[in-house]
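Remarks on the overall topology
Residues per chain are reported as follows:
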Amino acid sequence: MKIVVAGGHGLVGSKLVARLKQRGHDVFAASRRSGVDTVTGVGLQAALDGAHTVIDVTNSPSFDEPDVGEFFRRSTGQLLAAGARAGVSHHIALSVVGTQRLQSSPYFRAKDTQEQLVQSSDVPHTLVQATQFFEFMANIIPPGSGRDIVHLSPALVQPAAADDVAERLAELVAEPPSSTVIEIAGPETYRLCELVQWVMYSYQDDRPVVADPQTRYYDAILDDHTLTPGPGALLASLHFRDWLDGYLNGGVEIPHVHHPNPMTSSR
């Protein structure tokens, strides 16, 4: 089975491509690195011809308006149109849990546009919303030094490892299009302030952390449901403590995640 992974050289895409190849699939990682531009459509039709499944894990190079909205609008539209012409049987798109609850953010407004395009398309599809990645949660330590007080929301989060999200996406290839939204989350919840403090202290950043319910995240005031999935979510197996210990004990730097900074106001 030929599978095209749009954004196949990114954090999740590269892990997904490796898993699909291990399963014996004919996999093509579509990105500008392989001569495919999903925004302009250059190289896209040739890449999708003969494909059974397309998995869209692309991300915008810019998070500012209007660029981010234009990226997801054009990229998603090109992928769906080329997929329809190629007779693609299953279009799987990766989005984020909480997208509709974070519409104060240009990034999440753009992701909402992406979701609407997929859901209104005639191409058989499955829309996947994943919670924030461990890699992302470990990269949002607010800047500062010394004894600067760090204010963070105490709202619940339920992040998952990018490896586990890639594994779940690979499993969906064997399933028929659901035409619904499937949520993927980590195995347990944490308070956002406590999770970030955990990472800070692991890196000898001993700034005091204050749980402040009024601290904004993507310009939104969070509650315990903003970033957590609903009932029926697919739960990953790896716990944050084990993931973090693996990096700290191995002396390996935590991968950087290309994602807008939630602590920076877009107003």
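Residues numbered from 1 in each chain as written. Predicted model: local features only at pLDDT ≥ 70, side-chain atom pairs only at ≥ 80, totals over all residues. Heavy atoms only, no water.

Let's talk about the layout of surface pockets
Gaps between atoms show up when a probe of the same size as a water molecule is rolled over them. When its volume is computed, the largest pocket comes out at roughly 930 Å³. Those elements giving two or more residues to the lining of the largest pocket turn out to be α1 (11-22), α3 (67-86), β4 (90-96) and α4 (106-120). (1 Å grid on protein atoms, 1.4 Å probe; cavity = no way out; pocket = protein on both sides within 12 Å on 5 of 7 lines; lining within 4 Å. Points joined across faces, edges and corners; volume = space filled by probe spheres on them. Helix = DSSP H or I, 4+ residues; strand = E, 2+ residues; numbered from the N terminus.)

Regarding the packing of helix α7 (residues 192-202) against helix α8 (residues 240-250)
Axis separation between α7 and α8 bottoms out at 12 Å; the angle between their running directions is 20°. Taken together, α7 and α8 sit at an angle that is classed as roughly parallel. The crossing of α7 and α8 is right-handed. Contacts from Leu 195, Trp 198, Val 199 and Ser 202 of α7 reach α8 at Phe 240, Arg 241, Leu 244 and Leu 248. (Axes fitted to C-alpha atoms, helices over the stretch in contact; angles between N-to-C directions. Parallel < 35°, antiparallel > 145°, perpendicular 65-115°, else oblique. Left-handed = near helix turned anticlockwise from the far one by under 90°. Contact = heavy atoms within 4.5 Å.)

Overview of the side chain of Ser 60
Within the secondary structure, Ser 60 sits in the loop between β3 (53-56) and α3. At 2.5 Å, the side chain of Ser 60 and the backbone oxygen of Ser 62 are in polar contact. Residues within four places of Ser 60 in sequence aside, it is in contact with Asp 67, Val 68, Phe 71, Phe 72 and His 258. (Polar contact = N/O pair within 3.5 Å; in protein donor to acceptor, adjacent residues only side chain to side chain.)

What about the sheet that holds β3?
Each strand in a sheet pairs with another by means of backbone hydrogen bonds, the pair being arranged parallel or else antiparallel. One open sheet accounts for seven strands, arranged β2-β1-β3-β4-β5-β8-β13; its pairing is parallel. Looking along the sheet, the strands with just one partner apiece sit at the ends: β2 (26-30) and β13 (234-235). As paired elements, β4 and strand β5 (residues 125-130) share six bridges and run parallel to each other. Within β5, the residue paired with Ile 92 across the bridge is Thr 126. This element, α3, spans β1 (2-6), β3 and β4 of the sheet and lies at about 175° to β3. Running over the sheet, α4 touches β3, β4, β5 and β8 (181-185) and is turned about 160° from β4. (Pairing = 2+ DSSP bridges.)

Details of the packing of α3 against α4
α4 packs onto α3 with a crossing angle of 20° between their chain directions and a minimal axis gap of 8 Å. The angle between α3 and α4 falls in the class roughly parallel. With respect to the hand of their crossing, α3 and α4 are arranged in right-handed fashion. Mapping the contact onto sequence places Val 68, Gly 69, Phe 72, Arg 73, Thr 76, Gly 77 and Leu 80 in α3 and Pro 106, Tyr 107, Ala 110, Lys 111, Thr 113, Gln 114, Leu 117 and Val 118 in α4. Partitioning the contact of α3 with α4 into residue classes produces eight nonpolar, five polar and two charged. (Nonpolar A, V, L, I, M, F, W, Y, C, P; charged D, E, K, R; others polar.)

Digging into the environment of His 9
Considering the arrangement of structural elements, one finds His 9 in the loop between β1 and α1. His 9 gets classed as partly exposed once you look at its relative accessible area, which sits at 31%. The sequence separation of His 9 and Ser 31 amounts to 22 residues, and the corresponding C-alpha distance is 6.8 Å. Apart from residues no more than four positions distant in its own chain, His 9 is found in contact with Ser 14, Ala 29, Ser 31, Arg 33 and Ser 34. One polar contact links His 9 to Ser 31, side chain to side chain, over a distance of 2.6 Å. (Buried < 20%, exposed > 50% of the residue type's maximum accessible area, 1.4 Å probe, protein only.)

Focus: the nonpolar core
In this structure, Leu 20, Leu 94, Leu 169 and Trp 243 are the most contacted members of the largest nonpolar core, which totals 65 residues. Residue contacts for Leu 169: discarding those within four places in its chain leaves Val 12, Leu 16, Ile 55, Val 57, Ile 92, Leu 94 and Val 128. Core analysis: the second largest hydrophobic core is formed by 13 residues, Ala 30, Ala 47, Ala 51 and Val 88 among them. (Core = buried A, V, L, I, M, F, W, Y, C linked by side-chain atoms within 4.5 Å.)

A closer look at the packing of aromatic side chains
As enumerated under the stated definition, the model contains 13 aromatic pairs in all. When the ring of Phe 72 is compared with that of Tyr 107, the centres are 6.0 Å apart and the planes differ by 75°; the resulting orientation is edge-to-face. Of this pair, Phe 72 sits in helix α3 while Tyr 107 sits in helix α4, and the two are 35 residues apart along the sequence. We classify Phe 72 as buried; its relative accessible area is 0%. Judged by relative accessible area, which is 4%, Tyr 107 ranks as buried. With a centroid separation of 5.1 Å and an interplanar angle of 80°, the aromatic rings of Phe 134 and Phe 240 are classed as edge-to-face. Taken together, the positions of Phe 134 in helix α5 (residues 134-137) and Phe 240 in helix α8 put the pair 106 residues apart, joining distant regions of the chain. Across this residue pair, the class does not change: Phe 134 and Phe 240 are buried. Through a chain of ring-to-ring contacts, the aromatic side chains of Phe 63, Phe 71, Phe 72, Tyr 107, Phe 108, Tyr 217 and Tyr 218 assemble into a single cluster. (Phe/Tyr/Trp six-rings, centres within 6.5 Å; stacked < 30°, edge-to-face > 60°.)

Some remarks on the side chain of Ser 62
Note on placement: Ser 62 falls in the loop between β3 and α3. Relative accessible area serves as the criterion here: at 19%, Ser 62 is assigned to the buried category. Among the polar contacts listed, one links the side chain of Ser 62 to the backbone nitrogen of Asp 64, at a separation of 3.3 Å. Setting aside chain neighbours within four positions, we find Ser 62 in contact with Asp 67 and Val 68.

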